[in-house]
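So the chains spell out like this:
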Amino acid sequence: MEGFLNLILEPINEVYLKFKGFFPNLLAMLTIIIIGVIVAWLVKAVLLKFFKAIKFDSWCDRMGFTALLRKADVWAKPADIFVVAVYWFMIIGFLMVGFGALNIQAIDSLVSEFFLYLPRAFSAVVILLIGYMVAGFLSRAVLIAAVNSGLHYAKLLAEAVRLLLTVLILAMALEQLQVAPSIVVAAFSIIFGGIVIALAISFGVAGIDPARRMIESGGEEKKEEKGDVEHV
Amino acid sequence: MADFYQTGIITTLHRLGKPSLERIESELKEFSKRRPVALVLPALYSEFEGKAMPRIIEELAKVKFVHKIVLVLARASEKEFMKVKELMSAIPYEVKVIHNDGRRIKEIYDTLTRNGLEPGEDGKGRSAWLAYGYVIADGECDVIALHDCDILTYSREMLARLCYPVVNPNLDYVFCKGFYSRVTDRMHGRVTRLLISPLVRSLKDLAASHPFTVFLDSFRYPLAGEFCMITDMARVNRIPWDWGLEVGALAEVYRNYSPRRICQVDIAETYEHKHQSLSADDPEKGLMRMTVDICKSIFRTLASEGVIFSDGFFKTLQVAYLRMAEDTIMKYEADAAINGLTFDRHEEAKAVEAFTRGITMAAQTFMENPMGTPLIPNWNRVTSAIPGILDMLKKAVDEDNK
């Protein structure tokens, strides 16, 4: 009878001992998460005030970031979006740290992978932001130059430049994020290469006659030069 | 039939003989292929519940030369906005309804405010300005026509006559203002008859026939809410958001364009819309509020043209206006008598007294703060501050209309 009781009590005792060993970790995780939520909330409040003070929204309006958000049918204020992103990023960060406190191997490796991935995600965001500004600047520069040159397709040209740069920037960002890198590189090569070949062919074919005229007129000019009459 | 006399420095296009609507509309249909027309309608939801708007929709459904209608709906809930979209769907060409109180448009206003560009308070001025922004962003129309949505006697002929001088490339006017007589069994339009005309003529005498007073005096109905203009004008003209809207808009037209390219056209034999109460004792309401805003707008425009205002000037103006207005009452009394119209001379005199008080109040406010209420900035100014604003506005309207 005692043996039978032991059979029942031993597993329970084992579970109790395991839980006793695990409980401090669980408590640590909960504490980290609660502190994390409070810290994230405080950072959110401080960031909101800070962005208001530096007029972050106005800056985004002038730089065109707000217009970009609106294009995606996002109508919240840029500062709110940024602050909410930071808030959730911090929450996820603290969740990961909290899970790390559980000392479970599978979660530990997930957490370390998450933190290793952060620099890449950050780089991708920076590439997107700078790329957007550069694309906007170059597109505008092309538009002004083309309008000043009297090209009637100035807007089309500027939009084409913006599109090409956007494709390039997106490919760079995806490559940085290591999202199917081989596919991204291949797709980018095909798209970009295709565009360049299409442009080369279209310019080449369209340029046959002007090039012929240039060559012919060059020859005629030389002939005329020979036949010039010198006046005394 | 009207006479054919030309008054003032702008062109007056009269209603002579029996002009054929079919002819005008068929010509407009041809011209509008090269100069597409956008019709801007600033409306309140309450106007859809009245008699005027159903008739306007019915008439607009027959119009063939308008490329697009941009209706700015104010004071409407989301449900009411949806209802208006449904009502406007009876029109067989493109209609965009801008939900002035919608979250997307509110965000557009917020964007402007945080960048120091005050779009002003809710009203016809701001609604019209917003609609111009959409027409510019859309880039499809070269001409903008605008009329109110409370016209009880609306007919599509009004719109055709209003658009014709600007849409016809052979005439090539840049701005055309509508005029009409507001007569039923009596003469209406007290602010135009008893305030604007006597005030402008008094100012003309005192300010040595300043060109702006001559310009303003050339309009038969300067407060008419119906006009047509080229889209480029919407880019450069600033707009007042208060009751000084019509006069302020004319001041901007005067500032930016030659009077030779401006005209007024007789758009209707009869015109009836809602009447405002005088509210003689309350300067914040009714015609008194309108009086103060209009006077401030005129004073400010003249000051910006170099006319020097002083206490003495305003005292003289008050007396000169009163005399001119009293003479005007006598003229209208005679006019009413010969036409068999009801004419309450006492009511007219009371209105003049109230308008005199309004001028005094406006003068006082102007002397305290000559800059007055800022105008809504023009779209060129707005786009230079926020380059993507027109795209945002277009996106907001297009999303709301999906």
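All of these numbers come straight from a predicted model, not from anything done at the bench.

1. Some points on the interface of chain B and chain A
Moving on, step 1. On the chain A side, the residues contacting the 16 residues of chain B number 12 residues.
Moving on, step 2. Interface area for chain B against chain A, summed over the two sides, is near 1,300 Å², with a carbon-plus-sulfur share of 54%.
Moving on, step 3. The largest share of the area that chain B buries against chain A comes from Glu107(B), Arg114(B) and Met392(B), three residues that together contribute 42% of it.
Moving on, step 4. There are 5 salt bridges connecting chain B and chain A.
Moving on, step 5. The closest approach of N and O atoms between Arg114(B) and Asp61(A), which form a salt bridge, is 2.9 Å.
Moving on, step 6. At the boundary of chain B with chain A, the tally comes to 6 residue pairs in polar contact (both at pLDDT 80 or more).
Moving on, step 7. Put simply, the parts of the chain that give the side of chain B that touches chain A at least two residues each are helix 5 (103-114) and helix 16 (389-400) of chain B.
Moving on, step 8. The element best represented in the side of chain B that touches chain A is helix 5 of chain B, accounting for 7 residues.
Moving on, step 9. The residue inventory of the side of chain B that touches chain A, partitioned by class, reads 6 nonpolar, 3 polar and 7 charged.

2. Quick look at helix 5 (residues 105-148) of chain A
All names here are of chain A.
Moving on, step 1. Taking 1.5 Å as the rise per residue, helix 5 with 44 residues should run 64 Å; its terminal C-alpha atoms sit 64 Å apart, in good agreement.
Moving on, step 2. Remark: the principal bend of helix 5, roughly 30°, maps to Leu118, with a proline, Pro119, within the next four residues.
Moving on, step 3. The set of residues buried in helix 5 consists of Val111, Phe114, Ala124, Gly131, Ala135, Ser139 and Ala146.
Moving on, step 4. Close packing links the buried residues of helix 5 with helix 4 (78-100) and helix 6 (154-177).

3. Topic: the pattern of salt bridges
Residue and element names in this part refer to chain B.
Moving on, step 1. For the structure on display, the rule yields 41 salt bridges over all chains.
Moving on, step 2. Notably, a salt bridge pairs Lys68 with Asp138, separated by 2.2 Å at the nearest N-O pair. Here Lys68, found in strand 3 (residues 66-74), pairs with Asp138, found in helix 6 (residues 124-138); they are 70 residues apart in sequence, far enough to count as distant. The residues Lys68 and Asp138 share a single accessibility class, namely buried.
Moving on, step 3. The partner of Lys394 in a salt bridge is Asp398, with the nearest N and O atoms 2.8 Å apart. Taken as a pair, Lys394 and Asp398 lie in helix 16 at a separation of 4 residues, close to a single helical turn.

4. Looking at the nonpolar core
Moving on, step 1. Core analysis: the biggest nonpolar cluster contains 145 residues, and Leu60(B), Ile69(B), Leu71(B), Met88(B), Tyr132(B), Leu159(B) and Phe299(B) have the highest contact counts within it.
Moving on, step 2. Apart from the residues lying within four places of it in its own chain, the contact partners of Ile69(B) are Leu39(B), Leu41(B), Leu60(B), Met88(B), Ile91(B), Tyr93(B), Glu94(B), Val95(B) and Lys96(B).
Moving on, step 3. Membership of the second largest hydrophobic core comes to 7 residues, among which are Leu47(A), Phe65(A), Ala79(A) and Val83(A).

5. Looking at the environment of Ala52(B)
All names here are of chain B.
Moving on, step 1. Considering the arrangement of structural elements, one finds Ala52 in helix 3 (residues 52-60).
Moving on, step 2. Each C-alpha atom of the pair Ala52 and Asp150 lies 5.3 Å from the other, and the pair is 98 residues apart in sequence.
Moving on, step 3. Ala52 has contacts with Cys149, Asp150, Ile151 and Leu152, leaving out every residue within four places of it along the chain.

6. Quick word on the confidence of the model for chain A
Moving on, step 1. When pLDDT is averaged along chain A, the result is 85, and 94% of the positions lie at 70 or above.
Moving on, step 2. Averaged over each element, pLDDT in chain A is lowest for helix 8 (residues 208-227) of chain A (69) and highest for helix 2 (residues 56-63) of chain A (92).

7. Points about the confidence of the model for chain B
Residues and elements named next belong to chain B.
Moving on, step 1. Residues with a pLDDT of 70 or more make up 98% of chain B, whose mean pLDDT is 92.
Moving on, step 2. Mean pLDDT across the secondary structure elements of chain B bottoms out at helix 12 (residues 286-304), with 89, and peaks at strand 5 (residues 143-146), with 97.
Moving on, step 3. What the predictor reports for the complex is a pTM of 0.80 with an ipTM of 0.76.

8. Things to note about the packing of aromatic side chains
Moving on, step 1. Applying the stated criterion across every chain, the model contains 26 aromatic pairs over all chains.
Moving on, step 2. With a centroid separation of 5.1 Å and an interplanar angle of 40°, the aromatic rings of Tyr180(B) and Tyr221(B) are classed as tilted. Within this pair, whereas Tyr180(B) is found in strand 6 (residues 175-180), its partner Tyr221(B) is found in the loop between helix 9 (211-217) and strand 7 (227-230), the two being separated by 41 residues in sequence. Neither Tyr180(B) nor Tyr221(B) differs from the other in exposure class; each is buried.
Moving on, step 3. Taken together, Phe50(A), Phe51(A), Phe56(A), Trp59(A), Phe65(A), Phe82(A) and Tyr132(A) form an aromatic cluster joined through their ring pairs.
Moving on, step 4. For the cation-ring pair, Arg126(B) lies above Tyr109(B), with the distance from its terminal atom to the ring centre recorded as 3.9 Å.
Moving on, step 5. Sitting over the face of the ring of Tyr332(B), Arg193(B) holds its NZ or CZ atom 4.8 Å from the ring centroid.

Criteria and thresholds
- Residues numbered from 1 in each chain as written.
- Chains lettered and ligands numbered in written order.
- Predicted model: local features only at pLDDT ≥ 70, side-chain atom pairs only at ≥ 80, totals over all residues.
- Heavy atoms only, no water.
- Contact = heavy atoms within 4.5 Å.
- Buried area = accessible area lost by both parts, 1.4 Å probe.
- Salt bridge = Lys/Arg side-chain N within 4 Å of Asp/Glu carboxyl O.
- Polar contact = N/O pair within 3.5 Å; in protein donor to acceptor, adjacent residues only side chain to side chain.
- Helix = DSSP H or I, 4+ residues; strand = E, 2+ residues; numbered from the N terminus.
- Nonpolar A, V, L, I, M, F, W, Y, C, P; charged D, E, K, R; others polar.
- Expected span 1.5 Å × (residues − 1).
- Bend = angle between axes of the 7 residues up to and from the residue.
- Buried < 20%, exposed > 50% of the residue type's maximum accessible area, 1.4 Å probe, protein only.
- Core = buried A, V, L, I, M, F, W, Y, C linked by side-chain atoms within 4.5 Å.
- pLDDT = per-residue confidence, 0-100.
- Phe/Tyr/Trp six-rings, centres within 6.5 Å; stacked < 30°, edge-to-face > 60°.
- Lys NZ or Arg CZ within 6 Å of the ring centre and 35° of its normal.

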